[in-house]
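These are the residues of each chain, in order.
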Amino acid sequence: MRVTLLGTGSADGWPNPWCDCASCAWARKHEVRGQTAVLVDDALLLDCGPDVPRTAARLGVRLSGLRHLLISHAHPDHLGPESLMWRSWSSAAGRPLDVVGPPAALAVCREFLTRWEGADPAREGSALRFVPATAGGRSSGGGSPGDDPLRLGAGDAGYLVRPLAARHGSASIGPAVLYDVTAPDGGRLLYGCDTAAPLPAPTLAAVTGRAYDVVLLEENNGDRPGFGEHLDLASFAELVAELRRRGAVVDGTRVLAVHLSHRNPPGDELARRLALLGAQAPADGAVLDLAPRAPLVPVRSPAPAVQPQPATPLAPLAGFAAPAAPPTAPASTAQRPPHRVLITGGARSGKSAEAERRLLAEPAVVYVATSAPPDATDAEWSARIAAHRERRPAAWTTVETLDLVALLRSPGPPLLVDGVGLWVAALLDDPAELATRAGELVEAWRHTARRVVAVTDEVGSGVVPATADGRRFRDALGHLNAELAAASDEVWQVVTGTAIRLRPRATDP
Ligand SMILES: [Zn+2]
Ligand SMILES: [Zn+2]
Ligand SMILES: [Zn+2]
């Protein structure tokens, strides 16, 4: 299966041509993204907004071999019916083309073509074959999700397509659909664009055990949720975690973020944030050549039925001279997340959020709160704890304990320890005990087999504490931070919400 990203941007593209925000400024300088569309094997196109045919031409991609056009919904960034008219003026005019989409999307095409070409394109003998797609199978047929897939194309060149329910749509365009596509060589792709989260239950059931080669998920909203029915960075991560729990995303799966807008942080920061989730945002024009796969035996359990084959690296399209080459980040199989990560920062710097976002796409996480509230009646403290808890996914379990050593020595899902400063504060009354336990903690940290991200406080940069207790706390935590950092695979500092890697440095191998 060959997957070409003809576009990876939002409706308005990134940069939005009218906009002078910092995110658009970065995109203008480095990487222009047009409306999202994905070409499979040069035969099947997922979505075709007005930008898309021109982008294909600029990338040197011909659409003459297209046999199947799958439209997710009738929002105008996914459906430019004029493309079908331009096609009718070309050498491809007489060749058959399946136009698959929700009924409202097909109606837009028919109305446009009837108006401008003078005849209903759905008439007998037309090159266009209109195939209504609603979630759950062909047309309005019932059945459980994933049953009765559409068969597009004949024999060895045929595609199996399952429309799945999205969380996106409106009264005027009806519900949008996502597409599960199986290519003739067995390659499997999920096109998750556009949708908000959580995905409808029948869709989650249908993707269970699919062990996709490629999962394309929209991530329109970045750090600014609330625009339309879309995913943001946090809900994108939580959806990836859900797909991992269900065996839809497995070790070899390429998880790609598309439909990207300027609501995202600038592209370099977005790439860093996505990499933490095992995802990437390749540029427009990126090509994935995926090795043929054995057919997947249908399974009902979350366990994948086949071992994913190693994914091939993203290769830039031949002859494609984009301002920035498509990313060639290693596949998730080659990318083991760092084992022990220490994140330091000042009060309200964003260090806890930075720690949490490293684990958001994990199927399960144990959140370790290192202290009970110092005073249960402290309303401010309680509110702060509640806010922290609110931010964490429902699938995370919370443990309140000072016994970090036991957790580090036991097997289990990744740990998020928040934080080391509270742990020191809780033991401060007994200096001898604190010294002993700090030594044990460093040893356990050094030898743990578990993946762990710990948050600590940066102390000593401000005024000297006025009390003896304060000075003792500063010294004990400062020493412990240095020892934990020395035994960490990565050390980060968060300053004013911006994460800076202290170790290993960017120039290190
Ligand atoms: Zn859209
Ligand atoms: Zn902007
Ligand atoms: Zn839409």
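Above this text is the structure in question.
Reading the values: the criteria
- Residues numbered from 1 in each chain as written.
- Chains lettered and ligands numbered in written order.
- Predicted model: local features only at pLDDT ≥ 70, side-chain atom pairs only at ≥ 80, totals over all residues.
- Heavy atoms only, no water.
- Buried < 20%, exposed > 50% of the residue type's maximum accessible area, 1.4 Å probe, protein only.
- Helix = DSSP H or I, 4+ residues; strand = E, 2+ residues; numbered from the N terminus.
- Donors = N, O, S within 2.8 Å, 3.2 Å for Na, K, Ca; no water.
- Tetrahedral: all angles 85-135°; square planar, octahedral: opposite > 155°, others 65-115°.
- Pairing = 2+ DSSP bridges.
- Axes fitted to C-alpha atoms, helices over the stretch in contact; angles between N-to-C directions.
- Lys, Arg positive; Asp, Glu negative; His and termini not counted.
- Salt bridge = Lys/Arg side-chain N within 4 Å of Asp/Glu carboxyl O.
- Polar contact = N/O pair within 3.5 Å; in protein donor to acceptor, adjacent residues only side chain to side chain.
- Contact = heavy atoms within 4.5 Å.
- Expected span 1.5 Å × (residues − 1).
- Arc of directions from axis to C-beta.
- Core = buried A, V, L, I, M, F, W, Y, C linked by side-chain atoms within 4.5 Å.
- Domains from an automatic or database assignment.
- Phe/Tyr/Trp six-rings, centres within 6.5 Å; stacked < 30°, edge-to-face > 60°.
- Lys NZ or Arg CZ within 6 Å of the ring centre and 35° of its normal.
- Patch = residues over 30% accessible without salt bridge, like charges linked within 9 Å, V, L, I, M, F, W, Y side chains within 5 Å.
- Areas by Shrake-Rupley, 256 points an atom, 1.4 Å probe, with all protein chains shown as cover.

Colleague: Quick one: what's the story with helix H7 (residues 267-276), residue by residue and with numbers?
Modeller: Listed in full, the buried residues belonging to H7 are Gly 267, Leu 270, Arg 272, Arg 273 and Leu 274. Trailing H7 by a residue or two, Gly 278 shows a phi angle of about 75°, which is positive.

Colleague: Any chance you could break down the coordination of the zinc ion (ligand 2) for me, citing the residues and the numbers?
Modeller: Distances from the zinc ion (ligand 2) to its protein donors, namely Cys 19 (SG), Cys 21 (SG), Cys 24 (SG) and His 262 (ND1), fall within the range 2.0 to 2.3 Å. What the 4 donor atoms of the zinc ion (ligand 2) show is an angle range of 103 to 118° at the metal, which sorts the shape as tetrahedral. Going along the chain, you hit the donors of the zinc ion (ligand 2) in the pattern C-x1-C-x2-C-x237-H. With Cys 24 in helix H1 (residues 22-30) and His 262 in the loop between strand S13 (254-258) and H7, this pair connects stretches of sequence that are 238 residues apart. Of the residues examined, His 262 reaches a relative accessible area of 17% and is grouped as buried.

Colleague: Give me the sheet that holds strand S17 (residues 366-369): which residues, what numbers.
Modeller: Within the open sheet, the 7 strands sit side by side as S18-S17-S19-S20-S16-S21-S22. Their pairing is mixed. Whereas interior strands pair on both sides, the edge strands pair on one side only; in this sheet they are strand S18 (397-400) and strand S22 (498-503). The mean inter-strand angle of the sheet, taken between neighbouring strand axes irrespective of direction, is 20°. Note: strand S16 (residues 340-345) against strand S20 (residues 452-457), 6 bridges, orientation parallel. Looking at the pairing, Gly 345 lines up with Asp 457 of S20.

Colleague: Lay out the side chain of Asp 77 in plain terms, naming residues and giving numbers.
Modeller: Within the secondary structure layout, Asp 77 lies in the loop between strand S4 (68-70) and helix H3 (82-88). Here Asp 77 sits buried without a salt bridge, and the closest side chain of opposite charge, Arg 263, lies 13 Å off (N-O distance). Reaching out from Asp 77, the side chain makes a polar contact with the side chain of His 259 at a distance of 3.0 Å. When near neighbours in sequence (up to four residues on either side) are disregarded, Asp 77 contacts Ala 11, Gln 35, Gly 49, Pro 50, Asp 194 and His 259.

Colleague: An account of the coordination of the zinc ion (ligand 3) is needed here, citing residue identities and associated values.
Modeller: Around the zinc ion (ligand 3), the donor atoms from the protein are His 73 (NE2), His 75 (ND1), His 168 (NE2) and Asp 194 (OD), and they sit 2.1 to 2.4 Å away. Around the zinc ion (ligand 3), the 4 donor atoms are arranged such that angles at the metal cover 91 to 168°; this shape is classified as irregular. Mapped onto the sequence, the donors of the zinc ion (ligand 3) take the spacing H-x1-H-x92-H-x25-D. The metal-metal distance between the zinc ion (ligand 3) and the zinc ion (ligand 1) is 3.5 Å, with Asp 194 coordinating both. Placement of the pair is His 168 in strand S9 (residues 159-170) and Asp 194 in the loop between strand S11 (188-192) and helix H5 (201-207), with a sequence separation of 26 residues.

Colleague: Describe the side chain of Arg 392, with residues and values.
Modeller: In this fold, Arg 392 is placed in the loop between helix H9 (379-391) and S18. Put simply, Arg 392 is tucked away with no salt bridge, and the nearest opposite charge, on Glu 356, sits 4.7 Å away. Here the side chain of Arg 392 touches Tyr 367 through a polar contact of 3.3 Å, side chain to side chain. With residues near it in sequence (within four places) discarded, Arg 392 still touches Glu 356, Tyr 367 and Thr 398.

Colleague: An account of the pattern of salt bridges is requested, with residue identities and associated values reported.
Modeller: By the definition in use, this model includes 21 salt bridges. The salt bridge partner of Arg 446 is Glu 443, with a shortest N-O separation of 2.5 Å. Here Arg 446 pairs with Glu 443, and both are found in helix H12 (residues 431-447), just 3 residues apart, close to one helical turn. Relative accessible area serves as the criterion here: at 37%, Arg 446 is assigned to the partly exposed category. Residue Glu 443 is classed as partly exposed on the basis of its relative accessible area, which comes to 36%.

Colleague: Mind laying out helix H13 (residues 468-486), listing which residues take part and the relevant values?
Modeller: If you check H13, its first and last C-alpha atoms are 27 Å apart, about what 19 residues at 1.5 Å a residue would give, namely 27 Å. Regarding H13, the residues found buried are Gly 470, Leu 477, Leu 480, Asn 481, Leu 484 and Ala 485. One side of H13 holds all its buried residues, which, seen down the axis, span an arc of 130°. Residues of H13 that are exposed and angled more than 90 degrees away from the buried face: Ala 468, His 479 and Ala 486. Where H13 is buried, its residues touch S16, helix H11 (420-426), H12, S20, strand S21 (490-495) and S22.

Colleague: Could you give an account of the nonpolar core, naming the residues involved and the relevant values?
Modeller: The nonpolar side chains of a soluble globular protein tend to be buried with one another. Leu 217, Phe 236, Leu 243, Leu 274 and Leu 416 are the most contacted members of the largest nonpolar core, which totals 49 residues. If one sorts the elements of this core by residue count, helix H6 (residues 233-245) sits on top with 6 residues. Counting only domains with at least three residues in this core, you end up with domain 1 (2-289) and domain 2 (333-503). Setting aside chain neighbours within four positions, we find Phe 236 in contact with Leu 217, Glu 218, Glu 219, Leu 231, Val 255, Ala 257, Leu 274, Leu 277 and Ala 279.

Colleague: Please set out the packing of aromatic side chains residue by residue, giving values where relevant.
Modeller: Each pair of aromatic rings is reported with the distance of its centres and the angle of its planes. Inspection of every chain in the model, using the stated rule, returns 2 aromatic pairs. Between the NZ or CZ atom of Arg 358 and the centre of the ring of Trp 492, over which it lies, the distance is 4.7 Å. Arg 392 extends its terminal NZ or CZ atom over the ring of Tyr 367, reaching a point 3.4 Å from the ring centre.

Colleague: Explain a nonpolar patch on the surface residue by residue, including any values.
Modeller: Where nonpolar side chains cluster on the molecular surface, the patch consists of Val 495, Ile 500 and Leu 502 and spans about 210 Å² of accessible area. On the basis of relative accessibility, which here comes to 39%, the residue Ile 500 falls in the partly exposed class.

Colleague: If you had to explain the sheet that holds strand S14 (residues 279-280) to someone new, which residues and values would you point to?
Modeller: The strand order across the open sheet built from 7 strands is S8-S9-S10-S11-S12-S13-S14, with neighbouring strands paired in mixed fashion. The open sheet has two edge strands with one neighbour each: strand S8 (150-152) and S14. Where S9 and strand S10 (residues 174-182) come together, 8 bridges link them in antiparallel fashion. Looking across to S10, one finds that Leu 164 is bridged to Leu 178. Here H6 sits on the sheet in contact with strand S12 (214-218), S13 and S14, set at roughly 150° to S12.

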